[in-house]
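Tertiary structure, described
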Amino acid sequence: MSVPSAPILQMENISKRFGRVAANAAASIEVGEGEIFALVGENGAGKSVLMSILCGVLRPDAGRILFKGQPLKLGSPLEATRHRIGMVHQHFMLAPNLTVAENYVLCQGSPLRPLWRTTDVAGRIAELSRRYGLEVRPDAFVRDLSVGERQRVEILRILFQGAELIVLDEPTAVLTPGETDRLLKLLRELARDRKTVIFISHKLDEVMRVSDRVSVMRDGRVVFSASTRDTNPRELARQMVGRDVPTDLPARAASPGQVVFSVENLHCRNDLGLPAVRGVSFVIRQGEIIGVAGVSGNGQSELARALAGLIPATEGTIRLNGEEISGLSSHAINRRPIAHIPEDCAANGVVPQLPLTENAILQRYDRAPFATLGLLNVRAIESHTQALVEKFHVRTDGIHAPIQSLSGGNQQKFVVARELARHPDFLIVNQLTRGIDIGASELVMQAILEQRNLNKAILLISTELEELFALCDRILVMYDGRLVGELPPDRGRLEELGLLMTGEAIEARRLREAVAGAVSGDATQ
Amino acid sequence: MQTASMLDFLSTAVGADWRLATPLIFAATGEAICERAGVLNIGVEGIMLIGAFSGFATSHATGDLALGFGAGMASGFLTALVFAVFAVTIKANQIVAGVAINLLGLGLTSFLFRTYFISTGRGVDIARPLNIPFLSDIPYLGPALFQQNLLVYATIPVVIAAWGVLFRTSYGLTIRAVGEHPKAVDVTGKSVALYRYSAVLIGGALGGLGGAFLTLAHANQFVENITSGRGFIALSIVVFARWSPIGVFFVSLLFGLFYALQLQLQADPNVRVPYQALQALPYLTTIVALMLVRNRWDAPSMLGIPYWKA
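Residues numbered from 1 in each chain as written. Chains lettered and ligands numbered in written order. Predicted model: local features only at pLDDT ≥ 70, side-chain atom pairs only at ≥ 80, totals over all residues. Heavy atoms only, no water.

**Section: the environment of Arg-157 of chain A**
Residues and elements named next belong to chain A.
- Counting through the fold element by element, Arg-157 comes out in helix α5 (residues 147-160).
- Judged by relative accessible area, Arg-157 falls into the buried class, the value being 6%.
- For the pair Arg-157 and Ala-101, spaced 56 residues apart in sequence, the C-alpha to C-alpha distance is 9.1 Å.
- Those residues in contact with Arg-157 that lie beyond four places of it in its chain are Met-93, Leu-94, Asn-103 and Tyr-104. (Helix = DSSP H or I, 4+ residues; strand = E, 2+ residues; numbered from the N terminus. Buried < 20%, exposed > 50% of the residue type's maximum accessible area, 1.4 Å probe, protein only. Contact = heavy atoms within 4.5 Å.)

As structure tokens, then:
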């Protein structure tokens, strides 16, 4: 679709300020009926705000919205629902204590209507679920569903409510590659049904694969719009960041040296006391980055926390430079050359209310150069913090601001800076770039590769396969608490990796053999 | 003890149990609805006190019991409105607002009582038992269950209605969603604040009714701090009952039993335990119960947390 059919939606000169920040500054988009429209941009570019305005959740300061040529009353979710505009939010709008069907009828109709009058709901859910191939159990409690299932429930709810324009806010951020494929296929089907889809993403490959047209937002403005077929990922990335993005990462320096870190038959339990890591063994050498791929919830978090000494190992040994560290307290481990960049740094890596200065010395507050005889050496702390901020271009109001005033990406950069400044021999990284934008990702990925070239050993746990392919020397696949396979960082084996991640080890082997067979067959011809 | 006197004892205990549980049932049912909407109203003690006093004063002035109960509910409603303004609209800390309501309730009722009533010493006619024909004549069972006043019987329909509203109407569904994930309600265009107000106000009216029961059906008099912690006990009943009105009914009966036992044992000359120890029984039970109940995760996840619109 090169020329959009008659625009079903026009958003014109939308502006919205939060305090001193302009979240949207005269942003305009135009979406054709029955097309898949991608809205891309870095975190904080204003995509979600623009869509919340469309759905009436936020009221813009200026601008207007035309839907099917009619101006829409602004700032009213009811108006949006009445015009059959529905949104799948990034954080699902499903109450976990209610069942799927109850969520579907939530706030529908008069408050005093008895619920048993809505029993045809299950039938309608079943019908829609057949039509789009979305399996949903109407009487399951939402709290018992996985993230992928919740998303299906949420999408189906929007359809259930009769939406014709469907907005999805970063729908693939929480999905595995297989689930992502299914979602993208679903979007195509919706478009075939003459439904209009707007989807927000910062994964350019998905945008290229599925969308008809794309607009790029930066700093609250729409800076670029095109037919997807007339553009390319490099162009989009440049528009998103506002400058050229170096796609070349530093080449690898040395070949792996001696073993720095080794794990043998590690077992540990999760917060509920259930076995989460069940017999994991691997070694990492100097100058090596080992990736751990897997769908979240397969024991990766527990693995990272056990290696960092934050939860005890119930069995097995962990060795750093030959020394057994598995029984040590986290305090003792802190004094060893091992660093940990935790998952979701804003929640696990910093103390939100404390200033940058104090967050910079969280592990080293009690020793030189930051403290002498129990007294903090303020000057040393400040200059150290300043150095971290400058080295990683952390955007801040100053080093004495509470760290929670920084954006997620900047907090992430700060934690990476802090951990690298400890000069570790071994670095555990759990989710390096999740939730941060391209510019920041680039910077922290460069930093990790530099560490490798300094002969450090690095364990990189990630659900972002792109990140693993870009950085790792080997990729281990974790499923159900065990390592189920090892692959080279070869994009050609993505499908095999996906199968391993979802526990289809046998299927994966079959695929590998088939591919090997085809290759050798080609060779003999 | 002979069988007959043992049965007498039991019959009296069960009858007293239900009667003594009644104010707890009303207050805790209201609080359960309120907490399901995510608002923790620890001011229920103060609301009960205000209800007790207003009920008594109204009935004293007019001689009309029904008006007295009405005034109890109305004053509970209005006090809850004050609380809701702070807790929902101003988004103040709900614990602090609740403590303020409790202090207000105690201070205001004591002041008004001393100013207008303390010298009169005159009581009101309390609600009379309503003997249910035939059933009330059954030996032992009759006096225990079928010679109660109207309000005691009313606990059953009130609890069933509360359960029905919470779990079988669209309104109740929304209330439960508001306590768990208010944004899910907000994005549909419904007002989270309005739902929270309604739940707090229902809770207040029921709390006021529970308070009025104390002066109009239990004692015939107001005395300072007549509730003596029943509001707080209602709060722990809600936790123990896992935020379910049906659960509230039975847990309240359990607590009522300790009130009843305490009274009866005090009256029994053969029991040589200091009466203060017996009086402490319901409160000790509360502490033990809360130690035993480990189901905090059943609580509505937004309990006590104000909702800020984006």
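Resuming the write-up.
**Points about helix α2 (residues 44-62) of chain B**
- Under the 1.5 Å per step criterion, the end-to-end length of α2 of chain B is 26 Å for 19 residues, consistent within 8% with the ideal 27 Å.
- Buried residues dominate α2 of chain B, accounting for 16 of its 19 residues. (Expected span 1.5 Å × (residues − 1).)

**Re the interface of chain A and chain B**
- Contact residues are listed per partner, giving 24 residues for chain A and 21 residues for chain B.
- Of all residues in chain A, the largest losses of buried area upon contact with chain B belong to Met-93, Cys-107 and Leu-115 of chain A, amounting jointly to 28% of the total for that side.
- Inspection of the region where chain A meets chain B yields one salt bridge.
- For Arg-176 of chain B, the salt bridge identified is with Glu-102 of chain A, shortest N-O distance 3.5 Å.
- Contributions of two or more residues to the side of chain A that touches chain B are made by α2 (77-82) and α3 (100-105) of chain A.
- Looking at the side of chain A that touches chain B residue by residue, the classes come out as 17 nonpolar, five polar and two charged. (Buried area = accessible area lost by both parts, 1.4 Å probe. Salt bridge = Lys/Arg side-chain N within 4 Å of Asp/Glu carboxyl O. Nonpolar A, V, L, I, M, F, W, Y, C, P; charged D, E, K, R; others polar.)

**Describing the pattern of salt bridges**
Residues and elements named next belong to chain A.
- Considering all chains together, one arrives at 25 salt bridges over all chains under this definition.
- As a salt-bridge pair, Glu-419 and Arg-422 come within 2.8 Å of each other at their nearest N and O atoms.
- One network of salt bridges, with partners in common, ties together Glu-288, Arg-474 and Glu-486.

**A few points about the packing of α2 of chain B against helix α3 (residues 65-89) of chain B**
All names here are of chain B.
- In the contact formed by α2 and α3, the axes pass within 7 Å of each other and the chain directions differ by 145 degrees. In the crossing of α2 with α3, the sense of the turn from one axis to the other is right-handed. Contact residues: α2 offers Ile-47, Ile-50, Gly-51, Ser-54, Gly-55, Thr-58, Ser-59 and Thr-62, while α3 offers Leu-65, Leu-67, Gly-68, Ala-71, Gly-72, Ser-75, Gly-76, Thr-79 and Ala-80.
- In the contact of α2 with α3, the residues fall into six nonpolar, 11 polar and no charged. (Axes fitted to C-alpha atoms, helices over the stretch in contact; angles between N-to-C directions. Left-handed = near helix turned anticlockwise from the far one by under 90°.)

**Examining the nonpolar core**
All names here are of chain A.
- One finds Leu-187 and Phe-199 to be the most contacted residues of the largest nonpolar core, which totals 69 residues.
- Setting aside its immediate chain neighbours within four residues, Phe-199 contacts Ile-36, Phe-37, Ala-38, Leu-39, Leu-168, Pro-171, Leu-187, Glu-206, Val-207, Val-210 and Ser-211.
- Membership of the second largest hydrophobic core comes to 45 residues, among which are Leu-356, Val-389, Leu-449 and Ala-508. (Core = buried A, V, L, I, M, F, W, Y, C linked by side-chain atoms within 4.5 Å.)

**Overview of the packing of helix α1 (residues 3-36) of chain B against helix α11 (residues 245-267) of chain B**
All names here are of chain B.
- Taken N-terminus to C-terminus, the directions of α1 and α11 make an angle of 135 degrees; their axes are 6 Å apart at the nearest point. Viewed along their axes, α1 and α11 adopt a mutual orientation that is oblique. Seen from above, α1 lies across α11 with right-handed handedness. (Parallel < 35°, antiparallel > 145°, perpendicular 65-115°, else oblique.)

**Some thoughts on the side chain of Thr-228 of chain A**
Residues and elements named next belong to chain A.
- Assignment of secondary structure puts Thr-228 in the loop between β10 (221-227) and α8 (233-241).
- At 3.3 Å, the side chain of Thr-228 and the backbone nitrogen of Arg-213 are in polar contact.
- When near neighbours in sequence (up to four residues on either side) are disregarded, Thr-228 contacts Val-207, Met-208, Ser-211, Asp-212, Arg-213 and Val-214. (Polar contact = N/O pair within 3.5 Å; in protein donor to acceptor, adjacent residues only side chain to side chain.)

**Observations regarding the pairing of strand β8 (residues 196-201) of chain A**
Residue and element names in this part refer to chain A.
- Burial within β8 is extensive, with six of its six residues counted as buried.
- Both faces of β8 are covered, namely the face carrying Thr-196, Ile-198 and Ile-200 and the face carrying Val-197, Phe-199 and Ser-201.
- Judged from the five bridges that link them, strand β3 (residues 36-41) and β8 form a sheet pairing that is parallel. Along β8, the bridge assignment pairs Phe-37 with Ile-198. (Pairing = 2+ DSSP bridges.)

**Some details on the pairing of strand β9 (residues 213-218) of chain A**
Residue and element names in this part refer to chain A.
- Here β9 lies mainly inside the structure; five of its six residues are buried.
- Alignment of β3 against β9, held across five bridges, turns out to be parallel. Considered in β9, the bridge of Leu-39 is made with Ser-215.
- Pairing analysis gives six bridges linking β9 to β10, with the strands arranged antiparallel. Paired with Arg-218 across the two strands is Arg-221, which belongs to β10.
- Taking the residues between adjacent antiparallel strands as the criterion, β9 and β10 are bridged by two residues, where Asp-219 takes a positive phi near 50 degrees.

**Let's talk about a nonpolar patch on the surface**
- Side chains of Phe-77, Leu-78, Leu-81, Val-82, Val-85, Phe-86 and Ile-90 of chain B sit close together on the surface and give an oily, nonpolar patch of about 570 Å² of accessible area.
- Along the chain, Val-82 of chain B falls in helix α3. (Patch = residues over 30% accessible without salt bridge, like charges linked within 9 Å, V, L, I, M, F, W, Y side chains within 5 Å. Areas by Shrake-Rupley, 256 points an atom, 1.4 Å probe, with all protein chains shown as cover.)

**Considerations on the sheet that holds strand β4 (residues 62-67) of chain A**
Residue and element names in this part refer to chain A.
- Strand order in the open sheet made by the four strands is β2-β1-β4-β5, with antiparallel pairing throughout. Both edges of this open sheet fall to β2 (21-32) and β5 (70-71), since each of them pairs with a single strand only.
- Across five bridges, the pairing between strand β1 (residues 7-18) and β4 is antiparallel. In the strand pairing of β4, Leu-9 is matched with Phe-67.

**So, the sheet that holds β8 of chain A**
Residue and element names in this part refer to chain A.
- What the six strands build is an open sheet, ordered β6-β7-β8-β3-β9-β10; its pairing is mixed. Across the chains shown, the open sheet's two edge strands, defined by having one partner strand only, are β6 (85-88) and β10. Direction aside, neighbouring strands of the sheet carry axes that sit 20 degrees apart on average.
- Contacts from α8 reach β3, β9 and β10 within the one sheet, and its direction differs from that of β9 by about 30 degrees.

**Quick look at the environment of Ala-144 of chain B**
Residue and element names in this part refer to chain B.
- As for its position among the elements, Ala-144 is in helix α5 (residues 141-145).
- Along the chain, Ala-144 and Thr-12 lie 132 residues apart, while their C-alpha atoms are 6.1 Å from each other.
- Residues in contact with Ala-144, not counting those within four places in the same chain, are Ser-11, Val-14 and Gly-15.

**A closer look at the packing of aromatic side chains**
- On inspection of all chains with the given rule, the structure shows 11 aromatic pairs over all chains.
- Arranged with centres 5.2 Å apart and planes meeting at 50 degrees, the rings of Tyr-104 of chain A and Phe-160 of chain A form a pair that is tilted. Pair noted here: Tyr-104 of chain A is in helix α3 and Phe-160 of chain A is in helix α5, with a separation of 56 residues, a long-range link. With respect to burial, Tyr-104 of chain A and Phe-160 of chain A carry one shared label: buried.
- Between the aromatic rings of Phe-113 of chain B and Phe-117 of chain B, the centroid separation amounts to 6.3 Å while the plane-to-plane angle is 15 degrees, which identifies the pairing as stacked. Taken individually, Phe-113 of chain B and Phe-117 of chain B each receive the classification buried, so the pair is uniform in this respect. (Phe/Tyr/Trp six-rings, centres within 6.5 Å; stacked < 30°, edge-to-face > 60°.)

**A look at the environment of Glu-206 of chain A**
Residues and elements named next belong to chain A.
- Positionally, Glu-206 belongs in helix α7 (residues 204-210).
- Taking the C-alpha atoms as reference, Glu-206 lies 21 Å from Phe-92; in sequence the two are 114 residues apart.
- Contacts of Glu-206, omitting those with residues within four sequence positions, involve Thr-172, Thr-180, Leu-184, Phe-199, Ser-201 and Ser-211.

**Observations regarding the side chain of Ser-59 of chain B**
- Looking at the element boundaries, Ser-59 of chain B is found in helix α2.
- Beyond its immediate chain neighbours, meaning those up to four positions away, Ser-59 of chain B contacts Asp-64, Leu-65, Gly-68, Val-124 and Leu-216 of chain B.

**Notes on unusual backbone geometry**
- Along the chain, Ala-368 of chain A connects to Pro-369 of chain A via a cis peptide bond; the corresponding omega equals 0 degrees.
- The residue Phe-134 of chain B is not glycine, and still its phi comes out positive at about 65 degrees.
- Structurally, Phe-134 of chain B is set in the loop between β1 (130-131) and α5.

**As for the confidence of the model for chain B**
- Confidence along chain B averages 90 in pLDDT terms, with 97% of residues attaining 70 or more.
- We note a pTM of 0.75 for the whole complex and an ipTM of 0.83 for its interfaces. (pLDDT = per-residue confidence, 0-100.)

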